[in-house]
Amino acid sequence: MDDRNRRRVTYRPSRVGGVVSLIFGLVFVAVGIFVVIPQAGWFGIVWTALAAVITVANVYAAFGGKYGRSQIEIEDDDAPHKSDAQARLEELRTLYDQRLITEEEYEKKRAEIIERL
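Summarised in this report is the structure supplied together with it. Residue positions are given per chain, counted from 1 along the sequence in the order it is written. Local features in a predicted model are, by the rule used here, given only for residues with pLDDT of at least 70; side-chain atom pairs are given and counted only at 80 or more, and totals for whole chains, interfaces and linings are based on all residues. Side-chain descriptors were evaluated using all non-hydrogen atoms of the structure, hydrogens and water having been removed beforehand.

## Digging into helix H2 (residues 42–63)
Helical geometry note: an α-helix holds 3.6 residues per turn, so side chains three or four residues apart project in the same direction. Relative to the 32 Å expected for 22 residues at 1.5 Å per residue, H2 spans 31 Å between its end C-alpha atoms, a close match to the ideal helical length. Only protein chains enter the accessibility calculation, which uses a 1.4 Å probe; a residue is then buried when its area is under 20% of its type maximum, exposed when over 50%, and partly exposed in between. Only DSSP runs of H or I reaching four residues or more are called helices, and only runs of E reaching two or more are called strands; each is numbered from the N terminus. All buried positions along H2 are accounted for by Gly-44, Thr-48, Ala-51, Thr-55, Val-59, Ala-61 and Ala-62. Buried residues in H2, looked at end-on, bunch into an arc of 165°, giving them a common side. Projecting away from the buried face of H2 at angles above 90 degrees are the exposed residues Trp-42, Val-53 and Val-56. Along its buried surface, H2 packs onto helix H1 (15–40). One fewer than the residue count of a helix, multiplied by 1.5 Å, yields its expected span. Regarding the arc, it is the one traced by the directions from the helix axis to the C-beta atoms. Contact criterion: two residues are considered in contact whenever any of their non-hydrogen atoms come within 4.5 Å of each other.

Structural data, given as structure tokens:
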């Protein structure tokens, strides 16, 4: 995909998602404090710490001012697209220019592509 055909989109979790993350996170932290730490020792401490970090990160992503953003690249629908034939002809020419195919192979394949138009 050409850089001119891309635009940046940021994803931010919804407020509802932030509240759900907060509720479940607090439940996992409570389970860690009252169940896992007494029964599993160090593992319980690690469990509780990870649950707290994940909870804070999710809530911050949903409610924070300068949240950590997930970025994705999408193709812009308004951007001009190459036809399949044009792309195949360009690729064929590149192969020929790099001397990966002979002139006869180039001409034969070029004729086939043009014939399908």
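## Focus: the pattern of salt bridges
Criterion for a salt bridge: a side-chain nitrogen of Lys or Arg within 4 Å of a carboxyl oxygen of Asp or Glu. For the structure shown, the criterion picks out two salt bridges. Put simply, Glu-112 and Lys-109 hold a salt bridge, and the shortest N to O gap is 3.4 Å. Highlighted residues: Glu-112 and Lys-109, both in helix H4 (residues 103–115), separated by three residues, approximately one helical turn. Looking at Lys-109, the relative accessible area reads 31%, which means it is partly exposed.

## Thoughts on helix H3 (residues 84–97)
Given a rise of 1.5 Å per residue, 14 residues ought to cover 20 Å, and the 20 Å separating the end C-alpha atoms of H3 matches this to within 8%. The complete set of buried residues in H3 reads Ala-85, Leu-92 and Tyr-96. Buried residues of H3, viewed axially, fall in a sector of 40°; they line one side. Of the surrounding elements, those touching the buried residues of H3 are H4. Phi turns positive, to about 60°, at Arg-99, one or two residues after H3.

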